[in-house]
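# Tertiary structure, described
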Amino acid sequence: MSISKMFSHELDGPGEKMDDLGAQEQAVLDLIAANPFAGQQDIATALGIARSTVAAHIVQLVNKGYILGRGYVLPASKRMICIGGAVLDRKYHAKKDLIFGTSNPVDGYRSFGGVARNVAENLVRLGVDVSFVSIVGDDETGRSLVRHLRDLGADVSQVITTTERPTAEYAAILDLNNDLVLGIADMEIFDLFSPSYLDRFWPHLASATWVFIDCNLPAATIAALMSRKQGARFKLAVDTVSSPKSARLPKDLSGIDLLFTNHDEANTMLGITDADKRLRPKEAAAALRAAGASEVIVTMGAHGFAVATESGVATMRSVPARAVDITGAGDAMIAGTMYKVLSGDPVPHAARTGALLATLTTESESSVHPDLSPRFLTAGMYRIPA
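So, a few notes on the structure that sits alongside this text. (Residues numbered from 1 in each chain as written. Predicted model: local features only at pLDDT ≥ 70, side-chain atom pairs only at ≥ 80, totals over all residues. Heavy atoms only, no water.)

Our focus in this paragraph is the packing of helix 5 (residues 115-125) against helix 6 (residues 140-152). Their axes nearest at 9 Å, the elements helix 5 and helix 6 cross at an angle of 20 degrees. Of the possible angle classes, the one that applies to helix 5 and helix 6 is roughly parallel. Crossing of helix 5 against helix 6: the hand is left-handed. Packed against helix 5, whose contacting residues are R117, E121, V124 and R125, the element helix 6 presents L145, H148, L149 and L152 at the interface. Residues belonging to the contact of helix 5 with helix 6 are distributed by class as follows: four nonpolar, one polar and three charged. (Axes fitted to C-alpha atoms, helices over the stretch in contact; angles between N-to-C directions. Helix = DSSP H or I, 4+ residues; strand = E, 2+ residues; numbered from the N terminus. Parallel < 35°, antiparallel > 145°, perpendicular 65-115°, else oblique. Left-handed = near helix turned anticlockwise from the far one by under 90°. Contact = heavy atoms within 4.5 Å. Nonpolar A, V, L, I, M, F, W, Y, C, P; charged D, E, K, R; others polar.)

Next comes the structure, spelled out in structure tokens:
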């Protein structure tokens, strides 16, 4: 192959040019793709450049996610990485009207949760190539949580284990209507997820198609990731988790390709605390896009959601549900949307599938529907409002 042809070779497929690569970087990548066992001197000789220059280009290709470090292993296509919360969920369903200040009879249920973990499980059940990154305690809960995702098929090789804090826990008390009355959380372990950990798995991260993070991560880690993302090729999706945690995002949302938030969290991010001045979902979605996020989804539970893109802002209906337990519905909305985005669907269309998966999840006792599969999701498509 001539040097001129190597410069124009399109590794990602017809019509997809790697605009963030220089001509020499592209040529080096083409030679590696043709022969992953080529040595640096072989590449240097083929291109007529110094070996030290080849080494520098390879470092940049690793940082940008085009190769995965030693051995020049090329990344898989359409790979998703989920970073954030990994939690043991405890849910208590009231058997009678709740009375505060005394003991109440409940039905208890335990499962694995956490926004990023739930999103990862939904996606791996849908057949997506998923890596999960979080921090867990050196305890049986943490080991079981990681083992559960690994057995489903997720890559958990980058999960951090610490002896400083136990694995995170969340407890939810639900009333007779299955609505959340009180939620309590022990999440201090996530404060240990410092920006320095990004260096540990950056080549793994940079090679992804999409990276999803939740705001269980510390503000400094989120800021560092958003800053470093500018030199990588992955797209970034973010979920705000809660109104207090939404404050961990910077005011400038540039670098976020898709932002998931609910109506309350959106207004909190925009600094609106007066109930009389709250923006409607469409207005909030547009304002968050104006703050730098490329695309925004603002959810309203059973009342639907607003989607803001460069084409404008639209409000869409939720899928009617026979709800059993709403826990995990928002995470399912994210996963269903990302599943279709990874397939190439535009965000407004993908979000309709997200709304369907959210509804299907509320009709299960579990935070992730245990029967979820591509076929199961396809079978429910008729329920999406026209």
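Here the narrative resumes.
The next thing to look at is the nonpolar core. One finds M80, C82, L123, F132, F212, I297 and M338 to be the most contacted residues of the largest nonpolar core, which totals 50 residues. It is helix 12 (residues 329-342) that contributes the most residues to this core, nine residues altogether. (Core = buried A, V, L, I, M, F, W, Y, C linked by side-chain atoms within 4.5 Å. Buried < 20%, exposed > 50% of the residue type's maximum accessible area, 1.4 Å probe, protein only.)

It is worth spelling out the sheet that holds strand 14 (residues 312-316) at this point. Ordered by their spatial adjacency, eight strands build an open sheet running 4-1-9-10-11-12-13-14, and the pairing between neighbours is mixed. Because the sheet does not close on itself, it has two edges, and the strands there are strand 4 (129-133) and strand 14. Taking the axes of each pair of neighbouring strands and ignoring which way they run, one obtains an average angle of 15 degrees across the sheet. With five bridges connecting them, strand 13 (residues 305-309) and strand 14 associate as antiparallel partners. Along strand 14, the bridge assignment pairs V307 with A314. Along the sheet, helix 12 makes contact with strand 1 (79-83), strand 9 (210-214), strand 10 (235-239), strand 11 (258-262), strand 12 (295-299) and strand 13, crossing strand 11 at roughly 160 degrees. (Pairing = 2+ DSSP bridges.)

Counted by the stated rule, this structure contains three aromatic pairs. Ring centres of F193 and F201 lie 6.3 Å apart, and the angle between their planes is 65 degrees; on these two criteria the pair is classed as edge-to-face. Grouped by ring-pair contacts, the aromatic residues F193, Y197 and F201 constitute a single cluster. The ring of W202 has R228 lying over it, and the distance from NZ or CZ to the ring centre is 4.2 Å. (Phe/Tyr/Trp six-rings, centres within 6.5 Å; stacked < 30°, edge-to-face > 60°. Lys NZ or Arg CZ within 6 Å of the ring centre and 35° of its normal.)

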